[in-house]
Amino acid sequence: MSRFDPYQHLGIRPNPDGTFTRLSNFPNTEANRAVIPGLPTVSKDVTINDETKVWARIFLPAKLPSNDNTVARLPILMYFHGGGFIFYSAANVLTHQACSALSSEIPAVVISVDHRLAPEHKLPAQYEDAVDTILWVKKQVLDPNGEQWVRDYGDFARCYLGGRGSGGNIAFHAALRALNNDIKPLKINGIFLNQPMFGGKQRLPSELKYATDQVIPLPVLDLLWEFALPKGTDRDHRFCNPTEDVPYMSKVSSIIRRCLVIGFSIDPMFDRIQALVGTLVKYGVQVEAQFDEQGFRDVDLVDFRRSQALLNIIQEFII
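Residues numbered from 1 in each chain as written. Predicted model: local features only at pLDDT ≥ 70, side-chain atom pairs only at ≥ 80, totals over all residues. Heavy atoms only, no water.

Going by what an unreviewed UniProt entry lists, the protein is known as Alpha/beta-Hydrolases superfamily protein, putative and is assigned to Theobroma cacao. In its Sequence similarities (unreviewed entry) section, UniProt records this for the protein: "Belongs to the 'GDXG' lipolytic enzyme family." (UniProt positions renumbered as here; feature names shortened; annotations may be inferred.)

Set out below in structure tokens:
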């Protein structure tokens, strides 16, 4: 009988009420509004929703590109961090570094969303936070007194949603939920999903082959979904397994024109990612799939600059 403890693997202690205590303290960093020599971006924190206390960190290149002596408008990238729905924040040092690299290298206005975490807030709370962010960006664009970095430097006709792991899952579902809202004049040009987190009740070959994966073994994945999914649902719910929900997936081409999917072959979720790609193509989405043997793994847990190849892929996608 296996003695593997997914709680210990995650560094959490279960509580009697079904929640847990996070035992690890992940280092955070403050935003830097002023230009600091050696740092490629400036950043500031803004409130997205007073009621839910959701906020975001906005990144802007320290040196703005210009066109004929006029500051060029930059694509707007709404970014959702990884962490299995239960960990991290937009202030996390590594999330901050990743978003700073994206902002300076693309270049882009990057809005890193500090969404609510499970199990205190189960899905679809994170998707609601993402849609609130989209609507917040719309408000800044339309308001003459809106947030200056978004209003004056962002190109609202070139908006993108993206994230890694659970953040990729959030980006995908947020795009579909945006269909239920009037987001004009914003235009979502595409989404990028870096090793997105999806699942299902039936085990796929990659899940069985890499069930004892050192980073995220199958019992840990199952536990994360137990924490994140609404009570009374299972891993075949569309939040976890959207490819099985035909009416839901049939809407994707109405909002998602282009999609960049990044994965690697020794990920337990690799077959899930491949299934998603096939379904997106089936419904008319222009998909660019980038699969790597190992090199892109956990890239959100290290500085994007340590994987220049991945950064280049995302840079080429965001046009």
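Position of Thr 95 among the secondary structure elements: in helix H2 (residues 93–105). Given the relative accessible area of 2%, Thr 95 is considered buried. Look past the residues within four positions of Thr 95 in its chain and what remains in contact with it is Tyr 79, His 81, Ser 89, Ala 90 and Ser 112. (Helix = DSSP H or I, 4+ residues; strand = E, 2+ residues; numbered from the N terminus. Buried < 20%, exposed > 50% of the residue type's maximum accessible area, 1.4 Å probe, protein only. Contact = heavy atoms within 4.5 Å.)

Moving on, we get to helix H7 (residues 218–228). Counting buried residues along H7, eight of its eleven residues qualify, which places the element largely inside the surrounding structure. For H7, the full list of buried residues reads Leu 218, Val 220, Leu 221, Leu 223, Leu 224, Trp 225, Phe 227 and Ala 228. Where the residues of H7 are buried, they touch helix H1 (6–10), strand S1 (12–14), strand S2 (20–22), helix H5 (166–177) and helix H6 (205–209).

Taken across its six residues, strand S8 (residues 109–114) has six buried, putting it largely inside the fold. As paired elements, strand S7 (residues 74–80) and S8 share five bridges and run parallel to each other. Counted as the bridge partner of Met 78 is Ile 111 from S8. The handedness of the S7 to S8 crossover, carried by H2, is right-handed. (Pairing = 2+ DSSP bridges. Right-handed = clockwise from strand over helix to strand, strands pointing away.)

What follows is about the sheet that holds strand S10 (residues 188–194). Judged by pairing direction, the sheet is mixed, and its eight strands sit side by side in the order S3-S4-S8-S7-S9-S10-S11-S12 without closing on themselves. Of all the strands in the sheet, just strand S3 (41–49) and strand S12 (286–292) have a single pairing partner and so form its edges. Strand-to-strand twist in this sheet, taken as the mean axis angle between neighbours without regard to direction, amounts to 20 degrees. Both S3 and strand S4 (residues 54–61) contribute to a ladder of eight bridges, which runs antiparallel. Across the sheet, residue Ser 43 finds its bridge partner in S4, namely Phe 59. Relative to S4, H2 is tilted by about 40 degrees, and along the sheet it contacts S3, S4, S7 and S8. (Axes fitted to C-alpha atoms, helices over the stretch in contact; angles between N-to-C directions.)

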